[in-house]
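Tertiary structure, described
These are the residues of each chain, in order.
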Amino acid sequence: MTRVVGVTGLWLWGSVCGAELPAEKPNATTYCCPAHEHGVLDLKLDYDLIKKRIQEEHDSASLLPLDQFGIWRYRAMLPLPYMPSSPKTPFIPPLGLLVGCTPLTSAPATLVSELNLKELWFKDDGRNPTGSLKDRASALIVAKAQSEKREIISTASTGNAAAALAGMCASANQKCVIFVPYTAPEAKQTQLVMYGADVVLVKGTYDDAFDLCLSACKKFGWYCRNTGYNPFTSEGKKTVSFEICEQLWRRHHTPNGDEMKFETPDLIFVSVGDGNIVSGVHTGFKNLLALGYIDKLPKIIGVQSTGSRAVAEAWSSRVDLKTDPDDMKLTPISCDTLADSISAGLPRDPIRAARAARGTEGQYVQVADTEILVAMRELARATGIFSEPAAACAYAGLLKLSKEQPLLCAGKTAVVLLTGNGLKDIANAKKAVAVDLSKVSLVPPGGIEAVEKLFPPRQDVPATAPAKRSTPKNKNKNKNKKATPSTNETQQAQQKRAPSPLSTTQPASKKPHKKT
């Protein structure tokens, strides 16, 4: 069957199953494969033209700095009308917010050693404007919708995708309607209203909200951003792979200005719910490989909660999701996990999610909610990064596999992708530190005695009494004249005097003083 038949600008449409697609009409949107209702589309790129444009930007010194433009640094690789830049015509980002350019943080050496790794890095996407990786997808969606002059954008979400869309729309003066299950954390619901979105709480699950959003978009003609339905969401999310590889190269080399070079890790751990983030991560690495910027794909390790494990079970059962259309619809499961951002009883992008692991010789691992809570606490205390449960799920997967499959990690460079900020779910953060919170003490103002009881002197450090100074004998009987000690007496006094604990001056003698 013909895999590519339609062309949108420089971007070629192709479906998961390879079904033939009609050419897209202007301002008409194709979301899924016409032959299979739930077949998410892949976008095929013109790699030769992309390389040409990037080389032109490099030669003209017009590559956009990552720290100033974020994901738009990679605009030549994104499915939007290409906007070249020059000193005379500077590039203007479609949105006012800086999306991307999140830190790649190295783990402490002790932690790296404990896990038997060569290097360990944390990509903290909780540092995006609305606190999650999904800002990347929403930024691209808003830019695309505005290029098509869409009046309203809508999405269904457990919270993060909704907040991301609401925030991006606010920065671009774009209307949006959000469908959220009523069980979404209060902090996330408040964030939506703060951005001015029209919010619809659904008395049901995320899957119920998803289906209702689809119906509304079809009925009212809204542009649908739904994850695993709109093919452009993973195109925005793939930019995290670009950043990881470029930042990793810059950590190991000295860059020449804004040159664009990349280096892949050996392993990357990704939390999985609907499957769209991990498929986007996979797409990003495949783009870099096809462009010749990297020479290998990292092994992608998908991590799911045991309470939301549909993709992991499909992967472990070795169901051929690529060729059998009947297996595209997974059997819905009843979700029971505190990691709301990856709670999906019916994943909407399971085919490409499973392919991400298989296509990179990776795997899936399941972790319990208790392991996620432990990972939240240990991650924060080891690195200072506060992540929500869904993000810490990826770290829980690394901790588990380092014990169960030590050879997988031995001597490898690993990256843990952290997708959301911990402040988004304080209720579960409290569960992670419940024992410690119970030990927090309340003291009155000026209650120094109470504080002293909380922090008593260490018993293993004996208090040292100040050394007594020798008083030299005064041989002069004149009371009005100060006595001057002899040279021998001065030396004896100095030998008896204990050195100051604040002193950084080394003693003149090479022999250390004996403790008395």
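Summarised in this report is the structure supplied together with it. (Residues numbered from 1 in each chain as written. Predicted model: local features only at pLDDT ≥ 70, side-chain atom pairs only at ≥ 80, totals over all residues. Heavy atoms only, no water.)

1. Overview of the overall build of the protein chain
What counts here: Numbered from the N terminus, helices here are DSSP runs of H or I no shorter than four residues, and strands are runs of E no shorter than two. Only protein chains enter the accessibility calculation, which uses a 1.4 Å probe; a residue whose area is less than 20% of its type maximum is buried, one above 50% is exposed, and one in between is partly exposed. Only heavy atoms matter for contacts: two residues are in contact if any of them lie within 4.5 Å across the pair. Working definition of accessibility: Shrake-Rupley area with a 1.4 Å probe, residue cover restricted to the visible protein chains.
Looking only at helices and strands, one finds 19 helices and 13 strands in the protein chain. Looking at the protein chain as a whole, 51% of its 516 residues qualify as buried. Considering only residue pairs separated by 6 or more positions, the protein chain has 68% of its internal contacts joining residues 24 or more positions apart. Accessible surface for the protein chain amounts to roughly 26,100 Å². Of this, 54% is attributable to carbon and sulfur atoms.

2. Re unusual backbone geometry
You will see that K149, though not glycine, has its phi angle at about 60°, which is positive. One can find K149 in the loop between α4 (135-147) and β6 (152-156). Since its relative accessible area comes to 73%, K149 is described here as exposed. One non-glycine residue, N173, adopts positive backbone phi at about 55°. For N173, the location among the structural elements is in the loop between α5 (160-172) and β7 (175-181).

3. Points about the side chain of T239
With respect to the secondary-structure elements, T239 resides in helix α9 (residues 239-252). Beyond its immediate sequence surroundings of up to four residues, T239 is in contact with I71, Y74, L78 and R136.

4. A closer look at the sheet that holds strand β13 (residues 413-418)
What counts here: For two strands to be treated as a pair, DSSP must find at least two bridges joining them. To get an axis, fit a line to the C-alpha atoms, keeping to the stretch in contact for a helix; angles then go from 0 to 180 degrees between the N-to-C directions.
Spatial ordering of the open sheet is given by β4-β5-β13-β10-β11-β12, a layout of 6 strands whose pairing is mixed. Two strands close off the open sheet at either side, each with one partner strand: β4 (104-106) and β12 (363-367). The mean inter-strand angle of the sheet, taken between neighbouring strand axes irrespective of direction, is 25°. In this sheet, β13 lies alongside strand β5 (residues 119-124) in parallel orientation, the contact comprising 6 bridges. Opposite K123, over in β13, you have L417 as the bridge partner. Relative to the sheet, helix α13 (residues 369-383) contacts β5, β11 (299-305), β12 and β13, its axis offset from that of β12 by approximately 100°.

5. A closer look at the nonpolar core
Basically, it comes down to this: To define a nonpolar core, start from buried Ala, Val, Leu, Ile, Met, Phe, Trp, Tyr and Cys residues and group those joined through side-chain atoms within 4.5 Å.
Counting residues in each nonpolar core, the largest one holds 49 residues, and the members touching the most others are W72, L95, V142, I153, I178 and F179. For this core, the secondary-structure elements that each account for two or more residues are α4, β6, α5, β7, α7 (206-220) and β9 (223-224). The contact partners of F179, leaving out residues within four places of it in the chain, are S154, T155, A156, S157, V200, V202, A209, L212, C213, A216 and W222.

6. Description of the packing of aromatic side chains
Note the following rule: Planes of paired rings set the category: under 30 degrees apart is stacked, over 60 is edge-to-face and the rest tilted, where pairs are Phe, Tyr or Trp rings (Trp by its six-membered ring) whose centres lie within 6.5 Å. Only lysine NZ and arginine CZ atoms are considered, and such an atom sits over a ring when it is within 6 Å of the ring centre and within 35 degrees of the ring normal.
Summed over the entire model, instances satisfying the criterion amount to 7 aromatic pairs. Arranged with centres 5.0 Å apart and planes meeting at 35°, the rings of F220 and W222 form a pair that is tilted. If you follow R75 out to its NZ or CZ, it ends over the ring of F91, 5.0 Å from the centre.

7. Quick look at the environment of N116
With respect to the helices and strands, N116 occurs in the loop between α3 (109-114) and β5. Accessibility expressed as a relative area gives 43% for N116, which makes it partly exposed. Each residue touching N116, except ones within four places of it in the same chain, is listed here: P406, C409, A410 and G411.

8. Observations regarding the packing of α4 against α5
Put simply, the rule is: The cut-offs work like this: below 35 degrees is roughly parallel, past 145 is roughly antiparallel, 65 to 115 is roughly perpendicular, and the gaps in between are oblique. Crossing handedness is read from the near helix: turned anticlockwise from the far helix by less than a right angle, it gives a left-handed crossing, and turned clockwise, a right-handed one. Charged residues are taken to be Asp, Glu, Lys and Arg, nonpolar residues to be Ala, Val, Leu, Ile, Met, Phe, Trp, Tyr, Cys and Pro, and polar residues to be all remaining types, Gly included.
Running from N to C, α4 and α5 point in directions that differ by 45°, and their axes come no closer than 8 Å. Relative to α5, the element α4 lies oblique. α4 and α5 meet at a crossing whose hand is right-handed. Every residue of α5 that contacts α4 at D135, S138, A139, V142 and Q146 is listed here: A161, A164, L165, M168, C169 and A172. Looking at the contact of α4 with α5 residue by residue, the classes come out as 8 nonpolar, 2 polar and 1 charged.

9. Things to note about the pattern of salt bridges
Going by this rule: Each salt bridge in this description consists of a side-chain nitrogen of Lys or Arg and a carboxyl oxygen of Asp or Glu lying within 4 Å of one another.
Within the structure shown, the criterion is met by 22 salt bridges. As a salt-bridge pair, R348 and D211 come within 3.3 Å of each other at their nearest N and O atoms. You can see R348 sitting in the loop between α11 (310-316) and α12 (350-358) and its partner D211 sitting in helix α7, a full 137 residues away along the chain. As a salt-bridge pair, K238 and E235 come within 2.7 Å of each other at their nearest N and O atoms. Residue classification places E235 among the buried residues on the basis of a relative accessible area of 3%. Among the ionic contacts, a cluster of salt bridges with common partners joins D42, D349, R352 and R355.

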